[in-house]
Amino acid sequence: MPPAVDWHRHWYPVAPLADLDRRRPQPFTLLEQDLVLWWEEAAQQWRAFADVCPHRLVPLSDGRINARGELECPYHGWSFEGSGRCTLIPQAESDAALASRRSTCRTYATAEAQGLLFVFAGDPNEAAAVPLPLVPALEEPGEPWLVQDTFRDLPMDALTLLENVLDVSHVPFTHHKTVGNRATAAPVRAELTSFGEEGFTGLWPEGPRKGSLGSQHTTFAAPALMWHELDAKAFARILTVVYAVPIRRGECRLLARFPFRFRSPWPARLLGLRPRWLQHISNHRVLEDDQLFLHWQERVLETRGRSGSASRAYNLATGADLYIKALHDWVSRFSADPFPDQTLPPRLERDALMERFHAHTEHCQSCGGALAGIRRWRPWLPLPLWGSLAAIAWFHTLPALVAGGTVALASALADRQLGRWEQGLLRGTGEPPRNRL
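This report concerns the structure included in the present document. Being a predicted model, the structure only gives us computed values, none of them experimental.

Re empty space enclosed by the protein
- Here the structure, examined in full by the defined rule, presents one cavity of 30 Å³ or more.
- Taken together, 15 residues line the largest cavity, and the ones lying closest to its centre are Asp157, Thr160, Arg249, Leu301 and Ser307.
- Going through the elements one at a time, α2 (158–166) and α5 (276–303) are the ones with two or more residues in the lining of the largest cavity.
- When residues in the lining of the largest cavity are grouped by element, the largest group, four residues, is from α5.

So this is what it looks like as structure tokens:
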């Protein structure tokens, strides 16, 4: 029997570089390991430490980056430079405590590539021998890719997310009226082109939307990356890239990337006009199409034996399930469950599944900034509304009525739209578009 896949001997993306704040430390949990991410100005490098001060075990992510450019503990002001070495203990009477190995923070290897920050989950001395999980197409020379990114912390296992995004046949139904259409559903005659401990590849010759976009190639790069690739000859080369980063049992971080290489410059210019935070609100709607039932589904599978029993628990009756079979075969053959002895936490109610602020917005520079802006300006909108009504009452003329009415209507519509956007940055509705009459 082949050795078990060691999820700790891999690199994982933890955030888009654009969403990391160099001014303050930020927490993240990777494979149940609490980390603190921080920018060391002197080395011009992102650092990752275990999120625990060696002094009294408080989280360093609650601290700050001090004037020395070092990570400072919030409890007693111990200060650490990028190698994890303690450089200052304000309460120390001599330098003996600084020299102790017990005063050093545990560090993790980090790397930047393709716009993402990666952390190696295991021994940093082994990191250099393990390649980063990158998408080769994004390294190819030629016209630059337009890459739209999003991320969200999801209440499901990384394997549940991978199963979902590898499933090419669910899009017309689950995502009807968002990015799919039931009318395009058709048999999927795909084939595996490789399979091994490193993952698998597949080809769907006809491709989605009844062949209108061309053949689709799929890659699962174990343990946490997959992508689909389409080459719509008359339009664009399109990738759908998903990293399923395991946080803990029943929780993962999705990092989704949508690279486009258009044949014409105009689509990229038009897409560039939409603010990133509006794109993220749209991405949430699509993610929540699945999230409503995947959280439930993985708990049913757990009662029936987890991934090792998927072939018996599921009725995988058609060729559309080829990649699902391949994923669970990979998990079983290579003992690749990242949390084999742990059970899922209790099921969340529908309202909790729709939460967006803690799952995304507070960690996203674009969405966090948009929310702050909306809350800053929205309280001022009633002023022109009441001013226009006062002008109408004072002047009693047709021009005043028209002008005042226009301003009042514009203010009311603006307030309504800002309210919708604010809601979209905080939580979803729980009403998937596919079920609307």
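Here we look at the sheet that holds strand β7 (residues 79–80)
- Strand order across the open sheet formed by four strands is β5-β6-β7-β8, with antiparallel pairing between neighbours. Edge strands, defined here as strands with exactly one partner in the open sheet, are β5 (64–65) and β8 (86–88).
- In this sheet, β8 lies alongside β7 in antiparallel orientation, the contact comprising two bridges. Each bridged residue has a counterpart across the sheet, and for Ser79 the counterpart in β8 is Leu88.

Focus: the sheet that holds strand β11 (residues 116–120)
- Read across the sheet, three strands follow the order β1-β11-β10 without closing on themselves; strand pairing throughout is antiparallel. Two strands close off the open sheet at either side, each with one partner strand: β1 (11–16) and β10 (110–113). On average, each strand axis in the sheet is tilted by 30° relative to the strand beside it, whichever way the strands run.
- The pairing of β10 with β11 spans four bridges and is classified as antiparallel. The residue of β11 that forms the bridge with Ala111 is Phe118.

Looking at unusual backbone geometry
- Backbone torsion omega between Ala222 and Pro223 reads 5°, so that peptide bond is classified as cis.
- Of note, Pro223 is situated in the loop between β15 (216–221) and β16 (225–232).
- Phi angles above zero are rare outside glycine, and Gln44 is one such case at about 50°.
- Structurally, the position occupied by Gln44 is in the loop between β3 (33–40) and β4 (45–50).

Conventions used here
Residues numbered from 1 in each chain as written. Predicted model: local features only at pLDDT ≥ 70, side-chain atom pairs only at ≥ 80, totals over all residues. Heavy atoms only, no water. 1 Å grid on protein atoms, 1.4 Å probe; cavity = no way out; pocket = protein on both sides within 12 Å on 5 of 7 lines; lining within 4 Å. Points joined across faces, edges and corners; volume = space filled by probe spheres on them. Helix = DSSP H or I, 4+ residues; strand = E, 2+ residues; numbered from the N terminus. Pairing = 2+ DSSP bridges. Axes fitted to C-alpha atoms, helices over the stretch in contact; angles between N-to-C directions.

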